[in-house]
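Below, each chain spelled out in residue letters.
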Amino acid sequence: MPARTGAQYLEGLRAHPRDVWLGGRRLEDVTAHPAFRRPIARLARLYDLQHDPAHAGTLTCVDETGDRTGTAFLIPRTYDDLVARHRAFRVWAEDTFGLMGRSPDFLNCTLAAFADAADVFARGGQRYADHIRRYYEYVRAHDLLLTHALIPPQNDRSRTSGDQQAPFLHMGIVRETSDGPVLRGARMLATLGPIADEVLVYSLPGLRPGEEAHAIVFALPIDTPGLRQICRPPYDRGDLDPAEHPLASHFEECDSLIVFDDVLVPWERVFLYRDVDLCNALYPDSNLRQYTGHQTAVRGLVKLEFAVGVLMQIAQAVKTDVHLHVQDLLGECVNDIEIVKSCIARSEFEYETTPRGTVRPAFEPLITLRTWLPRVYPRIIEILQIVGAGGLLMVPSAADFDSPIAEDVRKYYQGAAAPALARTRLYKLAWDLAGDAFGMRQLQYERYYNGDPVRTTAGHYQSYDKSTCLDLAQRALQLFDAPAVTGD
Ligand SMILES: Cc1cc2nc3c(=O)[nH]c(=O)nc-3n(C[C@H](O)[C@H](O)[C@H](O)COP(=O)(O)OP(=O)(O)OC[C@H]3O[C@@H](n4cnc5c(N)ncnc54)[C@H](O)[C@@H]3O)c2cc1C
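## What about the overall build of the protein?
- Scanning the protein for helices and strands turns up 16 helices and 14 strands.
- Here the C-alpha atoms of the protein give a radius of gyration of 25 Å, agreeing with the 23 Å that 2.2 N^0.38 yields for 488 residues.
- In terms of overall dimensions, the protein has a C-alpha envelope of 85 × 75 × 50 Å along the principal axes.
- Per-residue burial over the protein gives 46% buried out of 488 residues.
- Pairs at least 24 residues apart make up 73% of the contacts formed inside the protein by residues separated by at least 6 positions.

## Things to note about the packing of helix α9 (residues 288-317) against helix α11 (residues 363-388)
- Contact pair α9 / α11: the axes reach a minimum separation of 10 Å and the direction vectors enclose 20°. Between α9 and α11, the angle is such that the two are roughly parallel. As α9 packs across α11, the resulting crossing turns out to be left-handed.
- In terms of residue class, the contact of α9 with α11 is built from 19 nonpolar, 5 polar and 2 charged.

## A word on the site of the ligand
- Surveying the vicinity of the ligand reveals 20 residues, the closest of which are Leu150, Leu189, Thr191, Tyr445 and Tyr448.
- Listing elements by their share of the shell around the ligand, those giving two or more residues are β7 (180-191), α14 (437-448) and α15 (453-463).
- Among the elements that make up the shell around the ligand, the one with the highest residue count is α14 (4 residues).
- For the shell around the ligand, the residue count by class is 9 nonpolar, 5 polar and 6 charged.
- A domain-level breakdown of the shell around the ligand finds at least three residues from each of domain 1 (6-284) and domain 2 (287-464).

## Digging into the sheet that holds strand β8 (residues 198-201)
- One open sheet holds the 4 strands; their spatial order is β5-β8-β9-β12, and the pairing between them is mixed. Sheet topology places β5 (146-148) and β12 (270-273) at the edges, where each strand pairs with a single neighbour. Sheet twist, expressed as the average angle between the axes of neighbouring strands with direction ignored, equals 20°.
- Both β8 and strand β9 (residues 216-221) contribute to a ladder of 4 bridges, which runs antiparallel. If you follow leucine 200 over to β9, its bridge partner there is alanine 219.
- Along the sheet, helix α7 (residues 126-142) makes contact with β5, β8, β9 and β12, crossing β12 at roughly 145°.

## Focus on the nonpolar core
- Counting 126 residues, the largest nonpolar core has Ala112, Ile132, Val199 and Leu384 as its most contacted members.
- Structurally, this core is a two-domain feature, drawing no fewer than three residues from each of domain 1 (6-284) and domain 2 (287-464).

## Overview of the sheet that holds strand β6 (residues 172-177)
- Read from one edge of the open sheet, 6 strands run β2-β1-β10-β11-β7-β6, paired in mixed fashion. Edge strands, defined here as strands with exactly one partner in the open sheet, are β2 (25-27) and β6. Neighbour to neighbour, the strand axes of the sheet diverge by 25° on average, direction disregarded.
- Examined bridge by bridge, β7 and strand β11 (residues 255-264) share 8 bridges and lie antiparallel to one another. When the sheet's bridge partners are listed, arginine 187 is paired in β11 with isoleucine 258.

## A few points about the pairing of β6
- Relative to β7, β6 runs antiparallel, the two sharing 5 bridges. In the sheet register, glutamate 176 faces β7, and the bridge partner there is proline 181.
- Counting the residues between successive antiparallel strands, the hairpin from β6 to β7 contains 2 residues.

## Considerations on the domain arrangement of the protein
- Entries for the protein in the domain assignment read domain 1 (6-284) and domain 2 (287-464).
- Between domain 1 and domain 2, the residue contacts involve 36 residues of the former and 35 residues of the latter.
- At the level of elements, α4 (79-95) and α5 (105-116) are the ones that each hand at least two residues to the side of domain 1 that touches domain 2.
- Looking at the side of domain 1 that touches domain 2, the element that brings in the most residues is α4, giving 10 residues.

## Overview of unusual backbone geometry
- Of note, the amide linkage connecting methionine 188 to leucine 189 takes the cis form, showing an omega dihedral of -5°.
- Here leucine 189 shows up in strand β7.
- In the Ramachandran plot, phenylalanine 168 falls in the positive-phi region, its phi being about 55° despite a non-glycine side chain.
- Relative to the elements of secondary structure, phenylalanine 168 occurs in the loop between β5 and β6.

## Looking at the pairing of β9
- Across the 6 residues of β9, 5 count as buried, placing the element largely inside the fold.
- With 3 bridges connecting them, β9 and β12 associate as antiparallel partners. Across the sheet, the residue bridging to valine 217 is leucine 272, located in β12.

## Comments concerning the packing of helix α13 (residues 420-434) against α14
- Between α13 and α14, the shortest axis-to-axis distance is 5 Å and the interhelical angle comes to 50°. The angle between α13 and α14 places the two elements in the oblique class. Within the contact between the two elements, α13 uses Asp432, Leu433 and Ala434 and α14 uses Phe438, Gly439 and Gln442.
- Taken together, the residues that form the contact of α13 with α14 break down as 3 nonpolar, 2 polar and 1 charged.

## What to know about α5
- Taking 1.5 Å per residue as the helical rise, α5 with its 12 residues ought to reach 16 Å, and the 16 Å between its terminal C-alpha atoms agrees with that figure.
- Of all 12 residues in α5, 12 are buried, a share of seventy percent or more.
- Listing the buried residues of α5 in full gives Asp105, Phe106, Leu107, Asn108, Cys109, Thr110, Leu111, Ala112, Ala113, Phe114, Ala115 and Asp116.

## Structural notes on the environment of alanine 88
- Position of alanine 88 relative to the elements: it lies in helix α4.
- Taking the number of C-beta atoms within 10 Å as the measure of exposure, alanine 88 has 26 and is therefore buried.
- Sequence separation of alanine 88 and threonine 60 is 28 residues, and the distance between their C-alpha atoms is 7.9 Å.
- Discounting residues that sit within four places of it in the chain, alanine 88 has contacts with Thr58, Leu59, Thr71, Ala72 and Asp105.

The rules behind each value
- Residues numbered from 1 in each chain as written.
- Predicted model: local features only at pLDDT ≥ 70, side-chain atom pairs only at ≥ 80, totals over all residues.
- Helix = DSSP H or I, 4+ residues; strand = E, 2+ residues; numbered from the N terminus.
- Rg over C-alpha atoms; globule rule 2.2 N^0.38 Å.
- Buried ≥ 20, exposed ≤ 12 C-beta atoms within 10 Å, placed from the backbone.
- Contact = placed C-beta atoms within 7 Å.
- Axes fitted to C-alpha atoms, helices over the stretch in contact; angles between N-to-C directions.
- Parallel < 35°, antiparallel > 145°, perpendicular 65-115°, else oblique.
- Left-handed = near helix turned anticlockwise from the far one by under 90°.
- Nonpolar A, V, L, I, M, F, W, Y, C, P; charged D, E, K, R; others polar.
- Near = placed C-beta within 6 Å.
- Domains from an automatic or database assignment.
- Pairing = 2+ DSSP bridges.
- Core = buried A, V, L, I, M, F, W, Y, C linked by C-beta atoms within 7 Å.
- Expected span 1.5 Å × (residues − 1).

Here it is, written out as structure tokens:
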């Protein structure tokens, strides 16, 4: 089946009522709830772009069955395939200004990585490799929207999952049946969970021997009996005025905690089972980080370009950009954009070829971005706050422009290079991005969506090929014993 439309996505949501809780109430139909209407419409728009003649050729490609399916599902075999994927990521990222971190292409990349690395799953038994490959084909054929929940809830981070204050706080296998394992406990943080079609669950490395009950990789339809979602309070309940909150009213990405209340996972949906070593090896050995790192780097670049664009417009509107130190801050942001672009290009030029004949972007530049972007994005937001200063808060409401004090508003809120209405809109855009609850979630997202940046950066140091740096230092140390060059 070919890539789906927005209307088909909506039909799928309606056809599968799920156990979603928001504000103490169970929602019968997420499509009918005001808090989800806008996010659903945004996602539907992304699916519709797959059929827009201007983008269809980029967002979809012909798979081995002859169908036109999403380009993010493509398992690349050439440099050109990598570039095709990059272009597709960019189209959806530009449509959302990079603000929907979990646009469907993110987890489509995960599945493509897993399918490409089916041999890694086969280490636990050939049937698991068959399961993951079939699941990839199923999701691609139906163009399903996946959420994922990798992290146990924050209960006691000084203890392992198997040693929390109550058994099965952290999701694990409570018993096994002939139909499949039964799961109990919770996982987070399922972005788009309430409006997804399926949930995919795997783990970040870190399980210890003895934690076999927590070593499982699987996927389930979101309406599976016993699977419950508890939503965080939304920032937009469908009532935010776009004239006051231009971003929050368009790009809310709902998040949920998933409770597994004795959920049966059919065997054909189990991809890894009770194997702690394999569970820990999956992340590095499946090339997952290159597949998803490529998508998140392109999306992250668009988001940086957008944030820096807002910053530049503010500096130009009130001419703070005439000051040297403001130019220095703007220059810092421009450098960041160029560094990200260079890392992405290098990851594509220096692609790696697998024994299977597939290719993947180079690891080093992408892991560098993965550990560096969580620091760069907060810095750019800080610069936006510094340059915007009090003006970010000092904005009139949209209604003031159409009121008895409109003359005052037009006079006192004008910028040097922007009339009052344009300047006000610009500052509201900036506050949504850099000040309000929506913007703070965006910031927290960039810091943490890829895991804990501290441990990831430390891990990069540990695994880095240090030989060039160490050799240079070693050669310099030999100068102590070398005769000085006199030039005679
Ligand atoms: C907006 C947002 C959206 C997200 N979306 C998703 C999603 O769609 N799917 C998903 O699975 N996850 C998602 N995540 C979750 C993300 O993967 C986690 O936030 C991230 O892995 C960090 O885990 P944590 O939040 O539990 O923090 P913790 O791991 O509890 O860390 C909290 C602090 O304690 C320190 N710390 C804790 N434990 C240790 C330790 N053992 N060693 C050293 N330091 C430690 C950390 O350095 C950090 O400073 C999202 C997160 C955010 C913020």
